[in-house]
Amino acid sequence: MTLRFVLNGAKTELDAHPMARLLDVLREECALTGSKEGCGEGECGACTVLVNGEPVCSCIIPVAHVEGAAVLTIEGLGGDHPLQHHFMNEVGAQCGICTPGMIMAAMALGPAPTLEDVKTALAGNLCRCTGYAAIYRAVMKWRGLEAPPSMVAE
Amino acid sequence: MRTAISELDLRSASSLTEALAILRDEARTPIAGATDVYVALNFGTLKPKRFLDIWALDELRSISLSGDTLVIGSLTTYTSLIQSPIVGERLPMLVEASRLVGGVQIQNRGTIGGNVANASPAGDALPVLAAADAVIVVRSDAGERRVPITQFYTGYRATVMTPDELIVAVEIAPVEGKQWFRKVGTRAAQAISKVVVAGVRAPMPRIAFGSIAPTVVRVPETERALGDGATIDDAEGVLAREIAPIDDIRSTAEYRRRVSMNLLRRFWAETG
Ligand SMILES: Cc1cc2nc3c(=O)[nH]c(=O)nc-3n(C[C@H](O)[C@H](O)[C@H](O)COP(=O)(O)OP(=O)(O)OC[C@H]3O[C@@H](n4cnc5c(N)ncnc54)[C@H](O)[C@@H]3O)c2cc1C
Ligand code: FES
Ligand code: FES
């Protein structure tokens, strides 16, 4: 099918099988390899992108579901987004596989989130390296919140 | 290995009428939020080859009151359930269950109709619907029928639905009494339930368990015992005899029986 959608702000038209996974279309047809495949079954969140502002796992979405929608991937943040800098400063990224998904999931946080809100927003994203505290800290600093003392780096 | 996409065929419907006409003429597996269908696709366990995409049918997304009955469209996502003031007021146990389904990404796409149709014994919305005596509204090109959820499942992953039918809504009459939901899994988000329970504390309590049998189950003998004023110790004994939990990769039958008894006790203590 010919698919029309808005990808990272740009009107996009491409040919794809309607049941292709959104993740594969992004990585293979659009050459946007920032979204990662961890599990391929919706469990890890490494493939998280925003569809009309909502985080979804692109590994379990048929591309037909984004017809007419706005898709935002990590590349759409431009590489100089404040949250990306907080991830670097707090060492919220180690191997980096989970990072694009973490950042995209965090993008959907509402105004003035609490630590609990941050944890809920990121509950669908797994990280094998950091132990999460650095990730929560990065997100909280980005939103101007004090991280609790127990989460502050030694 | 992942199912080869090139072998699959998808049609999309833009109205319910069109979707039902397609299903009248040819067998196709519906795709709603795809959170179950695509996990099967990625695992290579997806058997059907022909699909019907119903995700665009906004007419199945409303949450409304019809008289005193809460009507939830089948494409309503967990996120919409969590955010809905009427659901929060009328069926707080469904909000609680929805919060514990997967992470936000899954809540944004997973639908209540998909949970009901998928017919997993671990479906978290199912005990809530069973304890609330919900009615599943299914429609085909030939007409509509209403099936009480307690009669909807005929066995492991089997329902009374025919291939030309779609679930269009779930109806819930007012629930009197305090509602309670608990899911026991390996972790809060993303875990498949080992035991899940929903209860309504009314003069005749209504209690439903998931993940302990091939389908969601009510426990009428336990309900009757509690309704007749049995002590919780006695009711636990009734429950232990009434249920026949399953052994599987996630837990043993004995573990599930013990947990079910503990959950019954908790339900009773916390709603008293
Ligand atoms: C990471 C992850 C975590 C999960 N966690 C949980 C959890 O904690 N608890 C839980 O209960 N589930 C969980 N699930 C399973 C799944 O998200 C739910 O069952 C969800 O409600 C399915 O809805 P869907 O719209 O995505 O269904 P789909 O995948 O689109 O469809 C599922 C099945 O239902 C059929 N179907 C869908 N809609 C209709 C309809 N209107 N009429 C007729 N048939 C229909 C489809 O043909 C298919 O057979 C999880 C899934 C993932 C990937
Ligand atoms: S790769 Fe999509 S959730 Fe893990
Ligand atoms: S940084 Fe390696 S998985 Fe998170």
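Residues numbered from 1 in each chain as written. Chains lettered and ligands numbered in written order. Predicted model: local features only at pLDDT ≥ 70, side-chain atom pairs only at ≥ 80, totals over all residues. Heavy atoms only, no water.

Quick look at the nonpolar core
Formally: Only buried Ala, Val, Leu, Ile, Met, Phe, Trp, Tyr and Cys residues count toward a nonpolar core, and they belong to the same one when joined by side-chain atoms within 4.5 Å. Burial status follows relative accessibility: with a 1.4 Å probe on protein chains alone, a residue under 20% of its type maximum counts as buried, one over 50% as exposed, and anything between as partly exposed. In this text, helices come from DSSP runs of H or I with a minimum length of four residues, and strands from runs of E with a minimum of two, each type numbered from the N-terminal end. Residues are treated as being in contact if the distance between any of their heavy atoms lies within 4.5 Å.
Met-19 of chain A together with Leu-91, Met-93, Leu-94 and Ile-172 of chain B are the most contacted members of the largest nonpolar core, which totals 59 residues. Ranked by the residues each element gives to this core, the list is headed by helix α8 (residues 125-131) of chain B, at six residues. Contact partners of Met-93 of chain B, with chain neighbours within four places excluded, come to Val-128, Ala-131, Ala-132, Gln-179, Trp-180, Phe-181, Ala-198, Gly-199 and Val-200 of chain B. Listed in part, the 25 residues of the second largest apolar core include Leu-77, Leu-83, Leu-109 and Ala-138 of chain A.

Observations concerning the packing of aromatic side chains
Convention followed: Only the six-membered ring of Trp is used, alongside the rings of Phe and Tyr, when aromatic pairs are assigned; centres must lie within 6.5 Å, and planes under 30 degrees apart are stacked while those over 60 apart are edge-to-face, with the rest tilted. Look at NZ for Lys and CZ for Arg. If either is within 6 Å of the ring centre and within 35 degrees of the ring normal, a charge sits over the ring.
All told, the structure shown has four aromatic pairs over all chains when counted by the stated rule. Measuring from ring centre to ring centre gives 5.2 Å for Phe-152 of chain B and Tyr-153 of chain B, while their planes differ by 85 degrees; the resulting arrangement is edge-to-face. Across this residue pair, the class does not change: Phe-152 of chain B and Tyr-153 of chain B are buried. Relative to Phe-267 of chain B, the ring of Trp-180 of chain B lies with its centre 5.8 Å away and its plane at 50 degrees, an arrangement referred to as tilted. A residue pair is termed long-range when its members are at least 10 positions apart, and Trp-180 of chain B in strand β11 (residues 178-184) and Phe-267 of chain B in helix α11 (residues 253-271) qualify at 87 residues. Classification of Trp-180 of chain B by relative accessible area gives buried; the value is 6%. Its relative accessible area of 1% is what places Phe-267 of chain B among the buried residues. In textbook terms, an aromatic cluster arises when at least three aromatic residues are bridged by ring pairs, as seen for Trp-180, Phe-267 and Trp-268 of chain B. Here the guanidinium or amino end of Arg-143 of chain A rests over the ring plane of Trp-142 of chain A, the centre of that ring lying 4.9 Å away. Above the face of the Trp-268 of chain B ring, Arg-201 of chain B is positioned so that its terminal group lies 3.3 Å from the ring centre.

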